[in-house]
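Okay, here's what each chain looks like letter by letter:
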Amino acid sequence: MTDPRRHRFLSAFNGSPVDRPPLWLMRQAGRYLPGYREVRAKHGFWDVCLNPELSTHVALEPLNRFPLDAAIVFSDILVIPQALGLDVTFGTGEGPQFGKPMRTASDLNAWNTKGIAERLKYVPQAVSHLKNRLNGSHGILGFAGAPFTLFAYSVEGQGSDDFRHARVLMHTDKKLALKAMQTLADAATELLLEEAKAGADVVQLFDTWGGLLTLSEYQEFCVPALQRMCQTLSKANAPTLLFVKGATHLLPVLGETGATGFSLDWRIDWRDARRRYPTHVLQGNIDPVLLFAPPDIVSNQTKLLLQATAETTSHKHSVLNLGHGILPKTPLEGVDALCNAVTAGEAAAHG
Ligand code: 1CP
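What counts, and at which threshold
- Residues numbered from 1 in each chain as written.
- Predicted model: local features only at pLDDT ≥ 70, side-chain atom pairs only at ≥ 80, totals over all residues.
- Heavy atoms only, no water.
- Helix = DSSP H or I, 4+ residues; strand = E, 2+ residues; numbered from the N terminus.
- Rg over C-alpha atoms; globule rule 2.2 N^0.38 Å.
- Buried < 20%, exposed > 50% of the residue type's maximum accessible area, 1.4 Å probe, protein only.
- Contact = heavy atoms within 4.5 Å.
- Areas by Shrake-Rupley, 256 points an atom, 1.4 Å probe, with all protein chains shown as cover.
- Lys, Arg positive; Asp, Glu negative; His and termini not counted.
- Charge placed at Lys NZ, Arg CZ, Asp CG, Glu CD.
- Axes fitted to C-alpha atoms, helices over the stretch in contact; angles between N-to-C directions.
- Parallel < 35°, antiparallel > 145°, perpendicular 65-115°, else oblique.
- Left-handed = near helix turned anticlockwise from the far one by under 90°.
- Nonpolar A, V, L, I, M, F, W, Y, C, P; charged D, E, K, R; others polar.
- Pairing = 2+ DSSP bridges.
- Right-handed = clockwise from strand over helix to strand, strands pointing away.
- Expected span 1.5 Å × (residues − 1).
- Patch = residues over 30% accessible without salt bridge, like charges linked within 9 Å, V, L, I, M, F, W, Y side chains within 5 Å.
- Salt bridge = Lys/Arg side-chain N within 4 Å of Asp/Glu carboxyl O.
- Near = heavy atom within 4 Å.
- Polar contact = N/O pair within 3.5 Å; in protein donor to acceptor, adjacent residues only side chain to side chain.
- Core = buried A, V, L, I, M, F, W, Y, C linked by side-chain atoms within 4.5 Å.
- Arc of directions from axis to C-beta.

**Student:** Can you help me understand the overall build of the protein in this one?
**Tutor:** When helices and strands are tallied, the protein shows 16 helices and nine strands. A compact globule built from 351 residues should have a C-alpha radius of gyration of about 20 Å, and the protein, at 19 Å, falls within 12% of that. Expressed along its principal axes, the backbone C-alpha trace of the protein runs to roughly 65 × 45 × 40 Å. By residue count, 55% of the 351 residues in the protein fall in the buried class. Across the protein, the fraction of contacts at a sequence separation of at least 24, relative to all contacts at a separation of at least 6, is 74%. A total of about 14,700 Å² of accessible surface is found on the protein, and carbon and sulfur atoms cover 51% of it. Here the protein contributes 34 positive and 34 negative side-chain charges, whose respective centroids are spaced 2 Å apart.

**Student:** When you look at the packing of helix α2 (residues 34-42) against helix α4 (residues 52-65) in this model, what are you seeing that I'm missing?
**Tutor:** A pair of packed helices can be characterised by two numbers: the angle between their axes and the separation between those axes. Here α2 crosses α4 at 165 degrees, and the two axes come no closer than 9 Å. For the element pair α2 / α4, the angle class is roughly antiparallel. The interaxial crossing formed by α2 with α4 has right-handed handedness. Counted together, Pro34, Gly35, Tyr36 and Val39 of α2 and Leu54, His57, Val58, Glu61 and Arg65 of α4 form the full contact between these two elements. Here the contact of α2 with α4 is composed, by residue class, of five nonpolar, two polar and two charged.

**Student:** Got a minute to help me understand the pairing of strand β6 (residues 240-244) in this structure?
**Tutor:** The side chains of a regular strand alternate, residue by residue, between the two faces of the sheet. Most of β6 sits inside the fold, with five of its five residues counted as buried. Covered by surrounding structure in β6 are Thr240, Leu242 and Val244 together with Leu241 and Phe243, the residues of both alternating faces. Taken together, the five bridges between strand β5 (residues 202-207) and β6 define a ladder with parallel strand orientation. What sits directly across from Val203, in β6, is Thr240. Following the backbone out of β5, through helix α12 (residues 215-235) and into the adjacent parallel β6, one traces a crossover that is right-handed.

**Student:** Any chance you could explain helix α11 (residues 174-197) here in plain terms?
**Tutor:** Two residues of an α-helix separated by three or four positions point the same way, owing to the 3.6 residues in each turn. Over its 24 residues, α11 extends 34 Å from the first C-alpha to the last, a length consistent with the 34 Å expected when each residue adds 1.5 Å. Gly199 sits one or two residues past α11 and shows a positive phi near 130 degrees.

**Student:** Before we go on, may I ask you to explain a nonpolar patch on the surface in this structure?
**Tutor:** A contiguous nonpolar surface patch, about 250 Å² in accessible area, is contributed by Val289, Phe292 and Leu327. Position of Leu327 among the secondary structure elements: in the loop between β9 (318-322) and α16 (332-350).

**Student:** I'm lost on the site of the ligand in this one. Help?
**Tutor:** Surveying the vicinity of the ligand reveals 21 residues, the closest of which are Arg27, Tyr36, Arg40, Asp76 and Tyr153. Here an oxygen atom of the ligand sits 2.7 Å away from a polar atom, N or O, in the side chain of His324. Protein contact buries 89% of the 890 Å² of open area that the ligand shows by itself. Broken down by class, the residue content of the shell around the ligand amounts to eleven nonpolar, six polar and four charged.

**Student:** Which parts of the structure should I look at to understand the nonpolar core?
**Tutor:** Burial of nonpolar side chains together is a common tendency in soluble globular proteins. Counting residues in each nonpolar core, the largest one holds 125 residues, and the members touching the most others are Ile80, Phe151 and Tyr218. It is α11 that contributes the most residues to this core, eleven residues altogether. Those residues in contact with Phe151 that sit more than four places away from it in its chain are Met102, Ala166, Leu169, Met170, Ala177, Ala180, Met181 and Leu184.

**Student:** Any chance you could explain the sheet that holds β6 here in plain terms?
**Tutor:** One key point about sheets: their strands pair by backbone hydrogen bonds, in either a parallel or an antiparallel sense. The strand order across the open sheet built from seven strands is β1-β4-β5-β6-β7-β8-β9, with neighbouring strands paired in parallel fashion. Looking at which strands have only one partner, the edges of the open sheet turn out to be β1 (70-72) and β9. When the angles between neighbouring strand axes are averaged without regard to direction, this sheet yields 25 degrees. Relative to β5, strand β4 (residues 139-145) runs parallel, the two sharing five bridges. The partner of Gly142 across the bridge, within β5, is Val203.

**Student:** How should I be thinking about the side chain of Thr343 in this particular structure?
**Tutor:** You can see Thr343 is positioned in helix α16. The residues touching Thr343, leaving out its near neighbours within four places in the chain, are Arg20 and Pro67.

**Student:** Please clarify how α2 should be interpreted in this entry.
**Tutor:** Along α2, the residues classified as buried are Gly35, Tyr36 and Val39. For α2, the angular spread of buried residues about the axis comes to 100 degrees, placing them on one side. The exposed residues of α2 that point more than 90 degrees off its buried face are Glu38 and Ala41. Considering only its buried residues, α2 is in contact with α3 (45-50) and α4.

Okay, here's the thing in structure tokens:
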């Protein structure tokens with residue numbers, strides 16, 4: 001018999017009835033966890049990603065602490081620019097730095113696309129190692145960056161609030177921008193297909209910075225590449241979740257991507273999104289900042305969200321999550337309060 005956690009996760013994607021929506025948290029392995037900080041005190045970020053033992057160790061920590069229904073492979077969206085040769089480093093505490101950002105056609109021509117699947121094979125290896133360790137207990141997510149977000153980092157060469165070089169380049173050299181995004185989309189598709197083959201049940205595309213774009217920019221630059229990606233993945237039976245931060249204005253066109261579901265940021269009203277997408281999977285969308293509030297407030301907000309999933313679809317096609325990644329200093333009590341509010345009924349039923 002399938003473990004109830006894995007069963008619940010898979011049911012959200014095949015539309016089966018569920019007792020409640022499955023729960024996992026974006027960025028659930030990370031700096032808010034003491035075990036992760038211990039690993040990072042001894043190992044560099046890329047070393048953790050490259051070593052299946054270490055990446056599985058940190059991917060399992062949140063599952064051991066909290067009653068989550070799915071695991072996400074420990075990796076990063078920036079594995080793709082790194083494999084293309086953009087020389088991505090993570091210093092201690094700061095964000096990523098690119099040694100070779102892409103600003104011109106000759107920068108793009110220097111990208112090393114040949115044999116990229118081979119250079120990225122440590123990611124599917126991490127998936128398959130995680131799968132072996134879980135032995136069917138939880139759902140498994142693979143992931144990759146969406147083309148625009150990868151483009152944004154690749155052009156800017158670091159994190160940014162506005163990604164101005166990238167967004168200006170889209171207008172000053174549209175051909176170059178589209179070609180770069182297509183190259184990134186092809187690499188991400190190859191990677192996700194390998195992750196699915198290695199055991200990921202579902203793959204998530206992180207378009208963290210897509211919300212910076214206007215509706216017409218998103219339609220012109222992002223939707224066609226996302227369509228091709230989702231179509232290829234769907235042929236390989238890999239359901240796709242698309243997360244776009246700040247996408248309230250983009251919601252009307254997200255359906256055109258062909259994604260199986262959408263991961264909603266915290267500013268989107270669940271019931272509004274459900275009215276627009278009655279049978280898509282919707283995921284989200286507790287505000288990650290709320291986990292810093294007292295437990296009773298976290299609990300009340302979580303119950304309101306559960307009420308929305310119950311009243312709209314009897315919890316079907318729904319995945320409980322945050323509206324963006326968990327923040328590095330999040331108190332564990334906040335995560336406990338969220339989890340307890342979700343599993344409250346089960347404890348009563350069993351006790
Ligand atoms: O369990 C998990 O969820 C962890 C796996 C994971 C995921 C899904 C990591 C590990 N990164 C990501 C995705 C990711 N990486 C995104 C999309 C999700 C989001 O918006 O939160 C983005 C934008 C990145 C890029 C990135 N990698 C940043 C942000 C840079 C910036 O300032 O704009 C950072 C800090 C990283 C490094 C990183 N990746 C993951 C972790 C745990 C860390 C912290 C590294 C450390 O210091 O230990």
